[in-house]
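A structural walkthrough
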Amino acid sequence: MTDAENYDYDLFVIGAGSGGVRAARMSAQYGARVAIAEERYLGGTCVNAGCVPKKLFVYAAEFAHSFRDAAGFGWQLGAAKFDWPALRDNKNREIARLNGIYSELLDKAGVTVIEGSARLLGSNRVAINGGEYSARHILIAVGGWPWMPGIPGGELAISSNEVFHLKEFPRRVIIVGGGYIAVEFAGIFNGLGAETHVVYRGELFLKNFDQDLRTGLAAQMANQGVKLHFDDDIVRIEKNADGALDVTLRSGASLVVDAVMYATGRKPKTSGLGLENTAVALDDQGAIKVDDRFATTAPGVYAIGDVIDRVALTPVAINEAMVLADNLFNGGNGAMDYSNIPTAVFSQPTIGTVGLSESDARAQFGGNIKIYRTEFRPMKQTLAGGSDRVMMKLIVAADTARVLGCHMLGDAAGEIIQGLAVAIKAGATKRDFDATVGVHPTAAEEFVTMRLSV
Ligand SMILES: Cc1cc2nc3c(=O)[nH]c(=O)nc-3n(C[C@H](O)[C@H](O)[C@H](O)COP(=O)(O)OP(=O)(O)OC[C@H]3O[C@@H](n4cnc5c(N)ncnc54)[C@H](O)[C@@H]3O)c2cc1C
């Protein structure tokens, strides 16, 4: 009998989210005997309380722009009326369909799915639903959980977990936070017709993004009616007799709203996991420490995704999973390449970005960079009459002409940046961009027609 056959499974995955499902499926395809435990919902945060329902809400909100723009193109529309329960329930049906697809995918791959909350008993043992299993390798892919600061009345606020299931649509809402989730939900609520406030303690949201994108987006959101309260914070929330929330800000201002949503970050979800029974170590932020092969400090125990808090994005968790499965069961010995990860913010307008921001490039290359930047009124607005602007920016190394960063604020920026990310990953230079023929008439063609650095 081989060593592997002494264990119930070759791999026991805790958490069937973006990372866990991919690791389980790939490992099973490589011939491993795999079980996956899930305590809440198949597909994890992204499918159930993240990327997918959020993007569906973004689509809903974007109709407001189309209705506004339609008259200039000859359309006469009646009064638009938004039906929140219809959107929420249609979204729920789609998510249920996706849950089913995840179940089928795991089933077809031969992965054993165990519903319940799993707890480590040691490096090779897991307890779940009163039973115990042994595994040669254990993968922790439990993701994160919203973090909300403790303030008086904080229990009256919601997080991104609850926002997808609200019984009633809030007519007035405060979003607290300065990350992409806060910005996206501000666009969603504003587009759907709520009076929308963003309260953020910093001077400007989206801290790690290029400054031009940040200021450009703030200006356009303000123009669309979002009320931005920067350098401010909520100190107290009280419930009025009529059920509305009376919110006091640090600046002394007070707002009356129907909902307060905190989007103030997420923390690795390690409590109750039984880590005390293992040698798994956490860093200062509570994330599981791993090496560049995703091995924790306990032999045989690995971790990927939001719980290691490197880059908390679904495609990153998925890529980490593929590297790990290849290393464990396909003879690989790779590490994940975290450079040039493209990303989008599904704000209105959208941000798409890959590579270095201007300030990061300056920090790394000193003054030895060139900036190409363009800002214009998109063609659609000529008839629509709106004041939307598109902004594009390339950061180029002066010595090598290599394009270090590529940034866009405007419709479809997320779609456009995915293609450009391939070029950036392949090491494209500004000469390659210049030699590429544009697609006309598009906004994206500006990326290959900018000639003068600023
Ligand atoms: C509102 C919001 C919007 C987002 N939008 C985007 C986006 O547009 N693009 C993008 O790339 N990313 C987005 N993200 C981030 C993305 O959802 C995460 O990066 C991704 O889901 C991380 O995958 P994961 O596998 O690490 O964890 P998760 O997907 O969170 O999965 C972890 C799973 O483990 C389960 N679990 C936890 N503990 C246990 C246990 N003890 N036993 C059994 N099961 C357990 C959980 O129930 C969960 O299903 C968004 C996140 C949020 C909150």
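Going by the structure above, here's the rest.
Below or above, wherever it landed, is the structure these notes cover. These numbers were taken from a predicted model, which means no experiment stands behind them. Here the residue numbering is sequential within each chain, running from 1 through the sequence in written order. Predicted model: local features are reported for residues with pLDDT of at least 70 only, side-chain atom pairs are reported and counted for 80 or more only, and whole-chain, interface and lining totals are derived from all residues. Only hydrogens and water are removed before side-chain values are computed, so all heavy atoms of the structure are retained for them.

For the rest of this paragraph, the subject is the overall build of the protein. Helix and strand counts for the protein come out as 12 helices and 21 strands. Compactness check: the protein gives a C-alpha radius of gyration of 24 Å against a globular reference of 22 Å for 454 residues, within 12% of the reference. Viewed in the frame of its principal axes, the protein has a C-alpha envelope of about 75 × 65 × 40 Å. Only protein chains enter the area calculation, which uses a 1.4 Å probe; residues under 20% of their type maximum are buried, those over 50% are exposed, and those in between are partly exposed. Within the protein, the proportion of its 454 residues that are buried is 51%. For the protein, the proportion of contacts with a sequence separation of at least 24, taken over those separated by at least 6, is 63%. Numbering of helices and strands runs from the N terminus, with a helix taken as a DSSP run of H or I at least four residues long and a strand as a DSSP run of E at least two residues long. We compute the radius of gyration over the C-alpha atoms and compare it with the globule rule, which gives 2.2 Å times the number of residues raised to the power 0.38. Residue contacts are defined here by distance: any two heavy atoms, one from each residue, within 4.5 Å place the two residues in contact.

Turning next to the site of the ligand. One heavy atom suffices: a residue is near a molecule or strand as soon as one of its heavy atoms comes within 4 Å of it. In the vicinity of the ligand there are 37 residues, among which G19, E38, T45, K54 and D306 approach most closely. Within 3.5 Å is the distance limit for a polar contact, defined as a pair of N or O atoms, with the added protein rule that one can donate a hydrogen and the other accept it, and that residues adjacent in sequence qualify only through two side-chain atoms. At 3.2 Å, a backbone N or O of E39 approaches a nitrogen atom of the ligand. At 2.9 Å, a backbone N or O of A118 approaches a nitrogen atom of the ligand. The accessible surface values rely on the Shrake-Rupley method and a 1.4 Å probe; as for residues, cover is taken only from the protein chains in view. Compared with its free state, where it exposes 1,000 Å², the ligand has 95% of that area covered by protein. Those elements that place two or more of their residues in the shell around the ligand are α1 (18-29), β2 (34-38), α2 (44-49), α3 (51-70), α6 (180-191) and α8 (314-329). Among the elements that line the shell around the ligand, the one with the most residues is α2, at 4 residues. Residues are sorted three ways: Asp, Glu, Lys and Arg are charged, Ala, Val, Leu, Ile, Met, Phe, Trp, Tyr, Cys and Pro are nonpolar, and all the rest, Gly among them, are polar. A per-class count over the shell around the ligand returns 17 nonpolar, 13 polar and 7 charged.

The rule is short: rings of Phe, Tyr and Trp, with Trp giving its six-membered ring, pair when the centres are within 6.5 Å, and they are stacked under 30 degrees, edge-to-face over 60, tilted in between. For the structure shown, the criterion picks out 13 aromatic pairs. Each ring, one from F63 and one from F67, has its centre 6.1 Å from the other, and the planes form 35°; the classification is tilted. You can see F63 and its partner F67 sitting in helix α3, 4 residues apart, about one turn around the helix. Residue class for F67 comes out partly exposed when judged on its relative accessible area of 43%. Its guanidinium or amino end placed over the ring of W145, K269 lies 5.5 Å from that ring's centre, counting from NZ or CZ. Note on geometry: a ring has a charge over it if NZ (lysine) or CZ (arginine) is within 6 Å of the ring centre and within 35 degrees of the ring normal. It is K430 that lies over the ring of Y372; its NZ or CZ is 4.4 Å from the centre.

Turning our eyes to something else, we now look at the state of the cysteines. By disulfide we mean two sulfur atoms from cysteines, separated by a distance within 2.5 Å. Applying the stated rule across the entire model yields 1 disulfide. Here C46 engages in a disulfide with C51; their sulfurs sit 2.3 Å apart. In this structure the cystine formed by C46 and C51 twists about its S-S bond by roughly -135°; its chirality is therefore left-handed.

Turning to the side chain of H65, a few remarks are in order. Residue position: H65 is located in helix α3. Judged by its relative accessible area of 16%, H65 is buried. Excluding its chain neighbours within four sequence positions, the residues that come into contact with H65 are Q224 and Q348.

Lines fitted to C-alpha atoms define the axes here, with helix axes fitted over just the stretch in contact, and angles between the N-to-C directions of these axes take values from 0 to 180 degrees. For the pair α1 and helix α4 (residues 84-108), the least separation of the axes is 9 Å and the interaxial angle reads 25°. With respect to α4, the axis of α1 lies roughly parallel. Pair α1 / α4 crosses with left-handed handedness. Contact residues: V21, A24 and R25 in α1; Y102, L105 and L106 in α4. Angle categories are assigned with fixed cut-offs, so that under 35 degrees is roughly parallel, over 145 is roughly antiparallel, 65 to 115 is roughly perpendicular, and the rest are oblique. What makes a crossing left-handed is the near helix being turned counterclockwise from the far one by less than a right angle; a clockwise turn instead makes it right-handed.

To continue, consider the pattern of salt bridges. Close approach of charged atoms allows side chains with opposite charge to pair. Just to be clear on terms, a salt bridge is a Lys or Arg side-chain nitrogen sitting within 4 Å of an Asp or Glu carboxyl oxygen. According to the stated counting rule, one finds 22 salt bridges in the structure shown. With a shortest N-O distance of 3.1 Å, E132 and R125 are connected by a salt bridge. The partner of D434 in a salt bridge is K430, and the shortest N-O contact between them spans 2.6 Å. Placement of both D434 and K430 in helix α12 (residues 430-435) is noted, with a separation of 4 residues, approximately one turn of the helix. On the basis of relative accessible area, D434 is assigned to the partly exposed category, the value being 28%. Residue classification places K430 among the buried positions, given a relative accessible area of 5%. By sharing partners, the salt bridges in this structure join D210, D212, E358, R362, R373, E375, R389 and K393 into a single network.

Attention now moves to the side chain of N48. Relative to the elements of secondary structure, N48 occurs in helix α2. Accessibility expressed as a relative area gives 9% for N48, which makes it buried. In terms of polar contacts, N48 uses its side chain to reach the backbone carbonyl oxygen of L42, at 3.1 Å. Setting aside residues no more than four positions away along its own chain, N48 makes contact with Y41, L42, G43, P53, I95 and N99.

This brings us to the layout of surface pockets. Of the grid points, spaced at 1 Å and generated over the protein atoms alone, those admitting a 1.4 Å probe that cannot get out make up cavities, while open sets with protein on both sides within 12 Å along at least five of seven lines make up pockets; any residue with an atom within 4 Å of a point is treated as lining. Grid points are joined across faces, edges and corners, and a volume is the space filled by probe spheres set on the points. By volume, the second largest pocket amounts to about 380 Å³. Around the second largest pocket, the lining comprises 22 residues; the ones closest to its centre are E62, Q348, T350, D411 and A412. Elements represented by at least two residues in the lining of the second largest pocket include exactly α3, α10 (380-384) and α11 (413-425). The element best represented in the lining of the second largest pocket is α3, accounting for 8 residues. Residue composition of the lining of the second largest pocket, grouped by class: 6 nonpolar, 8 polar and 8 charged.

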